[in-house]
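Coordinate inspection notes
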Amino acid sequence: MTDTSDMRDMSDVPRVATPPPVHPSLPPPVPLKRADRTGARRRSWRDRGLRRATPWLFLLVPLALLITFTYVPVGNMIYYSFTDWDGVSPDRNFVGADNYTELFTRPELFRVFSVSLYYLAASAVQIAIALYFATVLSFDLRLRNLFKGILFFPYLVNGVAIGFVFLYFFQDGGTLDAILSLFGAGGDHAFLGDPHSANISLAGVSVWRFTGLNFVLFLGAIQSIPGELYEAAQLDGASRLQQFRHLIAPSIRPVLSLSVILAISGSLSVFEIPYIMTGGATGTQTFVIQTVKLAFQFNKTGLASACAVVLLLIILLITWIQRRLVPDEKADLT
């Protein structure tokens, strides 16, 4: 028998935690040391500085390219506008505001802005066409993806290629004359020989080319409208015209404002299509073509730089006025 009086109550004995067994293939555990507060503070300061510098590291290359190919040339252009540089000679004599004085005292240099009115009217037409097709093709229609591609395709074509194609299209006895002869209106028509018809023809080419850009902008804005709003409008019995007036038009107002700004600035700075098709002849010379001729044909780079600066200021002024008259407001459709 066992003497129970000599036995101790095991519940009163304190238990000592035994370390877990260590696998023989693993290194012995390293005892933990007290954290160095100074080192932790240094690491946190370095991490905070690195986090702040990370966005600028990603923006370093784009900013370098932007400054090199945008702001530096603009600065050089402003500097050249105060000199009499001919574009070839290394001598650049400072002449002050003489180039600007000559520019504003010669009305024929600003008379070419009247040609921009044709392109401004064409811009209004292309915005209306693009808005119509964007609204129609935003609904569920057959072959709508095909029509989207057809409308956007001209914008993908190079402007030089478009100029040469339409040069043969509008020439005497060309494609357009062949089409008109099928309807009994044959004969050689000098579409590019008269200033009025030539500017209308060139403006029509710009409509064909840039309608796709406005179409994509409008279509993206319309498709961003929640579908629940269309369903609610249909349940209320709203027609397609009422949906456009009260739902689509208010929601695409910022995009429409952007298109108007692009249309105005584009109509003032038209270059490639009239330069390729007519070279600025027969009354189709724009302000940009005139500036290029001043620089490279008459070797007046200083005066041409002044023209470019004035054109830039005009575009910025028109954009500022448009922003003031039609500010961007968030549309409330609820």
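First things first, this report covers the structure right here in the doc. Small disclaimer: the values here were computed from a predicted structure and weren't measured.

What counts, and where the lines are drawn
Residues numbered from 1 in each chain as written. Predicted model: local features only at pLDDT ≥ 70, side-chain atom pairs only at ≥ 80, totals over all residues. Heavy atoms only, no water. 1 Å grid on protein atoms, 1.4 Å probe; cavity = no way out; pocket = protein on both sides within 12 Å on 5 of 7 lines; lining within 4 Å. Points joined across faces, edges and corners; volume = space filled by probe spheres on them. Helix = DSSP H or I, 4+ residues; strand = E, 2+ residues; numbered from the N terminus. Buried < 20%, exposed > 50% of the residue type's maximum accessible area, 1.4 Å probe, protein only. Polar contact = N/O pair within 3.5 Å; in protein donor to acceptor, adjacent residues only side chain to side chain. Patch = residues over 30% accessible without salt bridge, like charges linked within 9 Å, V, L, I, M, F, W, Y side chains within 5 Å. Areas by Shrake-Rupley, 256 points an atom, 1.4 Å probe, with all protein chains shown as cover. Salt bridge = Lys/Arg side-chain N within 4 Å of Asp/Glu carboxyl O. Contact = heavy atoms within 4.5 Å. Nonpolar A, V, L, I, M, F, W, Y, C, P; charged D, E, K, R; others polar. Axes fitted to C-alpha atoms, helices over the stretch in contact; angles between N-to-C directions. Parallel < 35°, antiparallel > 145°, perpendicular 65-115°, else oblique. Left-handed = near helix turned anticlockwise from the far one by under 90°. Phe/Tyr/Trp six-rings, centres within 6.5 Å; stacked < 30°, edge-to-face > 60°.

**Examining the layout of surface pockets**
Taking a probe equal in size to a water molecule and rolling it over the atoms shows the remaining empty space. A volume near 380 Å³ is recorded for the largest pocket. Around the largest pocket sit 21 residues that line it, and Gln126, Phe210, Leu262, Gly266 and Ser267 are the ones nearest its centre. Listing elements by their share of the lining of the largest pocket, those giving two or more residues are helix H4 (116-137), helix H8 (195-223), helix H11 (253-268) and helix H12 (272-277). For the lining of the largest pocket, the element with the highest residue contribution is H11, accounting for six residues. Lining the second largest pocket are 15 residues, with Ala295, Phe296, Thr301, Ala304 and Ser305 sitting closest to its centre. Those elements giving two or more residues to the lining of the second largest pocket turn out to be helix H13 (287-296) and helix H14 (301-325).

**Observations regarding the side chain of Ser265**
As for its placement among the helices and strands, Ser265 is situated in helix H11. For Ser265, a relative accessible area of 18% translates into the label buried. Among the polar contacts made by the side chain of Ser265, one reaches the main-chain carbonyl oxygen of Ile261 at a distance of 3.0 Å. In terms of polar contacts, Ser265 uses its side chain to reach the backbone carbonyl oxygen of Leu262, at 3.2 Å.

**Observations regarding a nonpolar patch on the surface**
Judged by side-chain polarity, Trp56, Leu59, Leu63, Leu66, Ile67, Tyr71 and Val72 come together as a nonpolar surface patch covering roughly 680 Å² of accessible area. Its location among the elements puts Tyr71 in helix H1 (residues 37-80). For Tyr71, a relative accessible area of 52% gives the class exposed.

**Describing the side chain of Ser206**
Structurally, Ser206 can be placed in helix H8. Residues in contact with Ser206, not counting those within four places in the same chain, are Tyr119, Ala122, Gln126 and Ile273.

**Regarding empty space enclosed by the protein**
Following the criterion strictly, the structure yields one cavity of 30 Å³ or more and no others. Taken as a whole, the largest cavity encloses approximately 40 Å³ of empty space. Among the elements of the structure, H11 and H14 are those that each provide at least two residues to the lining of the largest cavity. Partitioning the lining of the largest cavity into residue classes produces five nonpolar, three polar and no charged.

**Focus: unusual backbone geometry**
The phi angle at Thr282 is positive, at roughly 50 degrees, despite the residue not being glycine. With respect to the helices and strands, the residue Thr282 is situated in the loop between H12 and H13. Positive phi is not limited to glycine here, since Asn299 has a value of about 55 degrees. Topologically, Asn299 is positioned in the loop between H13 and H14.

**Concerning the packing of H8 against H11**
Viewed as axis vectors pointing N to C, H8 and H11 meet at an angle of 165 degrees, and their least axial separation amounts to 9 Å. Compared by their axis directions, H8 and H11 come out roughly antiparallel. Two packed elements cross with a definite hand, and for H8 against H11 that hand is right-handed. Counting all contacts with H8, which are made through Asn214, Leu217, Phe218 and Ala221, the residues of H11 involved are Val255, Leu256 and Ser259. Here the contact of H8 with H11 is built from residues that sort into five nonpolar, two polar and no charged.

**Focus: the environment of Val112**
Structurally, Val112 is set in the loop between helix H3 (107-111) and H4. For the pair Val112 and Thr286, spaced 174 residues apart in the sequence, the C-alpha separation amounts to 5.5 Å.

**What to know about the packing of aromatic side chains**
This model, assessed by the stated rule, comprises 17 aromatic pairs. Seen from their ring centres, Phe166 and Phe169 are 5.6 Å apart, and the 70 degrees between their planes marks the pair as edge-to-face. A residue pair is termed a helical-turn pair when its members lie 3 or 4 positions apart in one helix, as Phe166 and Phe169 do in helix H6 (residues 159-170) at three residues. On the basis of relative accessible area, Phe166 is assigned to the buried category, the value being 14%. The exposure class assigned to Phe169 is partly exposed, which follows from its relative accessible area of 22%. Grouping aromatic residues by their ring pairs yields a cluster made of Phe166, Phe169, Phe170, Phe191 and Trp208.

Geometry only, nothing functional implied.
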